[in-house]
Amino acid sequence: MNTTANAYGLPDPEELEAWAQPYFSEYGAEEAGRPPNAVSGVSPSAAPSVGYSPVVQPYTGADAGATAGRAVGAGFDVNRIRADFPILNERLSNGKKLIWLDNGATTQKPRQVIDRLSYFYEHENSNVHRGAHELAARSTDAYEAARNTVAKFLGAPSKDNIVFVRGTTEGINLVAHSYVRPLLGPGDEIVLTILEHHANIVPWQLIAQETGAVIKVAPVDSDGQIILPEYTRLFGPRTRFASVTHVSNALGTITPVHEMVQIAHGFGVRILVDGAQSVAHTPINVTALDADFFVFSGHKIFAPTGIGAVYGKTDALNEAAPYQGGGNMIRDVTFERTVYNPPPSKFEAGTGSIADAVGLGAALDYVSQIGLPNISAYEHELLDYATCELCGIKGLRFIGTAKEKASVLSFVLEGATTEQVGKHLADRGIAVRAGHHCAQPILRHYGLESTVRPTLAFYNTAGEVDELVRAVREIAPKF
């Protein structure tokens, strides 16, 4: 699929060049010691009112993911992408080269994001919105431009639908306490699924305990897919809200969120979609999805830690109470009463993670330039390849085998503990997660307390998968 920058509302390379030449003397020049698609140097005399724009070259070309007997990702130049991620060249203390297969926990950061953060601190650093000086204007422009980038990336109607938060966990807590809690009384119901991360369980338990509400949980079949008729039967006259994961972090199951949203709305119930594990792997359009709320974390999509976003429908955000009180979220304060700003400021008390929000915008620009349809297609091929190769290992059992999956390879190995497998892989430079993945209910559904969980991203290669398979084959006979 040939996806252009214009398709995502971004300038194409020719438009970038025309814009950048007056301000970036190095634009188009190949810098010594830098990958050819790295951010060009910033001229000290660049006009601050123009702001920052990263240079991301389009990705086309050779099959860099080939492995013996099978080509993976033909036409997707994964080696060129890898050149953008400095940490992928890291050597560990044992001399092994890093193979990062822990992307479900956090993703690595491209040079474009790292350079954008540096540029912010070197040229724009200030608090936002109220300063009467030039740096305040620069930082405010950068911050609000990032909000606009998030809105476009998610297909939101307006940047005013986007609230910056620390991540998915804070986003779910915000919705739970600001919007849902005031709706609840004793016996009212919240619908969840057994697939949820603890971050989409515990906040609902907290408000249920405070209000006397009840949590109802949708089951899955043996493959780890939601049983839609059972999910539908959970809704009734006392249902006040639903919250569902888009992709299971423990199994990789892609849930049928379009149908789940429609079912909830058929009962007059609003719904939140947890996009932490989907946002980096599949195109999202919250308007087409018709979700009332959608939350995600920046660090899951190649952005800094400590930043994420909540999308909310305009009427839902207007109805929600403030989450925290303080500066920035107020219009007028006396000791008798406070008048709040409208959303999104109403939910952003105090100084936010300004630089990290700007970094999030840079990460989304980077992903958009490559194209999520391209990323999704490549990762799907890589997942199929890894699944096929690991299936041949005696004693290995996959946990979560839904037909529709994102890039999660959760497994157990007969006779070996997950800690033993994880340590063996780490000794060979392969970073995976080994544990309960903050998703104990779904693992216990399978009679387990933990699994080994390699998770893939678009910078992983079939060669790295081969190293994973080789390392698991080494340990399997020992048990």
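In this text the structure is predicted, and so the values were computed from the model without any measurement.

**Q** I'd like to hear about the side chain of Ser 248, residue by residue, with values.
**A** When you line up the elements, Ser 248 lands in the loop between β5 (239-245) and α8 (257-266). Residue Ser 248 is classed as buried on the basis of its relative accessible area, which comes to 0%. A distance of 3.3 Å separates a polar side-chain atom of Ser 248 from the backbone nitrogen of Ala 250. Beyond its immediate chain neighbours, meaning those up to four positions away, Ser 248 contacts Leu 195, Thr 253 and Val 408.

**Q** Explain unusual backbone geometry to me, using residue names and the numbers behind them.
**A** Along the chain, Pro 343 connects to Pro 344 via a cis peptide bond; the corresponding omega equals 5 degrees. Counting through the fold element by element, Pro 344 comes out in the loop between β10 (338-340) and α11 (354-370). Phi at Asn 328 is positive, roughly 80 degrees, even though this residue is not glycine. Locating Asn 328 in the fold gives a position in the loop between α10 (314-319) and β9 (330-333).

**Q** Can you break down the environment of Ile 99 residue by residue, with the values?
**A** Summarising the element assignment, Ile 99 is placed in strand β1 (residues 99-100). With 365 residues separating them along the chain, Ile 99 and Glu 464 place their C-alpha atoms 6.6 Å apart. Dropping the residues within four chain positions of it, Ile 99 is found in contact with Gly 429, Ile 430, Ala 431, Glu 464 and Glu 467.

**Q** An account of the pattern of salt bridges is requested, with residue identities and associated values reported.
**A** If charged atoms from side chains of opposite charge come close, those side chains can pair. Counted according to the given criterion, the structure contains 24 salt bridges. Across the pair Glu 170 and Arg 166 runs a salt bridge, and its minimum N-O distance is 3.5 Å. Residue Glu 170 is classed as buried on the basis of its relative accessible area of 14%. For Arg 166, a relative accessible area of 57% gives the class exposed. With its nearest N and O atoms 3.8 Å apart, the salt bridge here joins Arg 270 to Glu 319. Residue Arg 270 is located in strand β6 (residues 270-274), and its partner Glu 319 is located in helix α10; the two are separated by 49 residues in the primary sequence. Among the charged side chains, a salt-bridge network with shared partners connects Arg 270, Asp 290, Asp 292, Lys 313, Asp 315 and Glu 319.

**Q** Break down the sheet that holds β6 for me, citing the residues and quoting the values.
**A** Strand order in the open sheet formed by seven strands is β2-β8-β7-β6-β5-β3-β4, and the pairing between neighbours is mixed. Two strands bound the open sheet, and with one partner strand each, they are β2 (162-165) and β4 (214-218). Shown here is a sheet whose adjacent strand axes are inclined to one another by a mean of 20 degrees, direction ignored. Helix-sheet contacts for helix α4 (residues 134-154) involve β2, β7 (293-297) and β8 (308-312), and the interaxial angle to β2 is about 115 degrees.

Cut-off values and rules
- Residues numbered from 1 in each chain as written.
- Predicted model: local features only at pLDDT ≥ 70, side-chain atom pairs only at ≥ 80, totals over all residues.
- Heavy atoms only, no water.
- Helix = DSSP H or I, 4+ residues; strand = E, 2+ residues; numbered from the N terminus.
- Buried < 20%, exposed > 50% of the residue type's maximum accessible area, 1.4 Å probe, protein only.
- Polar contact = N/O pair within 3.5 Å; in protein donor to acceptor, adjacent residues only side chain to side chain.
- Contact = heavy atoms within 4.5 Å.
- Salt bridge = Lys/Arg side-chain N within 4 Å of Asp/Glu carboxyl O.
- Pairing = 2+ DSSP bridges.
- Axes fitted to C-alpha atoms, helices over the stretch in contact; angles between N-to-C directions.

Just geometry here; none of it tells us what the structure is for.
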